[in-house]
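Here is how the chains run, residue by residue.
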Amino acid sequence: MITNEILLDFIAKHPKYKLVGELMPTGKTIKTNEKIYLVVSKDNQVEEVPEKEIMNNPKNYLKKQIWLKPPFHYELVVSLKRIKD
């Protein structure tokens, strides 16, 4: 298994390489037809809230950031890339 330490050690020994990250969707996060929102509170805590909850209790969500939750879950994939001269 390749660990972060192995990659970082390789890059330290071979300066012509760098780490490159890519976000890869791993699967759908929303399985129902109900929209799920990410609500950010004043202390930057993120909570998943269904649309119905927000519509039924709007006072609880005033002055908060509300974002539509993306339909996919992502995983960060790291690879080595050779730096061109």
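Whatever comes next refers back to the structure up there.
Residues numbered from 1 in each chain as written. Predicted model: local features only at pLDDT ≥ 70, side-chain atom pairs only at ≥ 80, totals over all residues. Heavy atoms only, no water.

**Remarks on the overall build of the chain**
- Within the chain one finds two helices and five strands.
- Mapped in sequence order, the helices and strands of the chain form the string α-β-β-β-α-β-β.
- The C-alpha atoms of the chain give 20 Å as radius of gyration, which overshoots the globular expectation for 85 residues (12 Å, by more than 25%).
- In terms of its C-alpha atoms, the chain occupies a principal-axis envelope of roughly 60 × 30 × 25 Å.
- The burial tally for the chain puts 13% of its 85 residues in the buried class.
- In the chain, of all internal contacts separated by at least 6 residues, the share reaching a separation of at least 24 is 66%.
- For the chain, the exposed surface amounts to about 7500 Å²; the carbon and sulfur share of it is 56%.
- Taken together, the 15 basic and 11 acidic charged side chains of the chain have centroids lying 5 Å from each other. (Helix = DSSP H or I, 4+ residues; strand = E, 2+ residues; numbered from the N terminus. Rg over C-alpha atoms; globule rule 2.2 N^0.38 Å. Buried < 20%, exposed > 50% of the residue type's maximum accessible area, 1.4 Å probe, protein only. Contact = heavy atoms within 4.5 Å. Areas by Shrake-Rupley, 256 points an atom, 1.4 Å probe, with all protein chains shown as cover. Lys, Arg positive; Asp, Glu negative; His and termini not counted. Charge placed at Lys NZ, Arg CZ, Asp CG, Glu CD.)

**Things to note about the side chain of K69**
- Note that K69 resides in the loop between β4 (65-68) and β5 (72-82).
- A distance of 2.9 Å separates a polar atom in the side chain of K69 from a polar atom in the side chain of E48. (Polar contact = N/O pair within 3.5 Å; in protein donor to acceptor, adjacent residues only side chain to side chain.)

**Points about the environment of W67**
- With respect to the secondary-structure elements, W67 resides in strand β4.
- Along the primary structure W67 and V46 are separated by 21 residues, whereas in three dimensions their C-alpha atoms are 10.0 Å apart.
- When near neighbours in sequence (up to four residues on either side) are disregarded, W67 contacts Y37, L38 and V40.
- A polar contact of 3.1 Å, which involves the side chain of W67, links it to the side chain of Q65.

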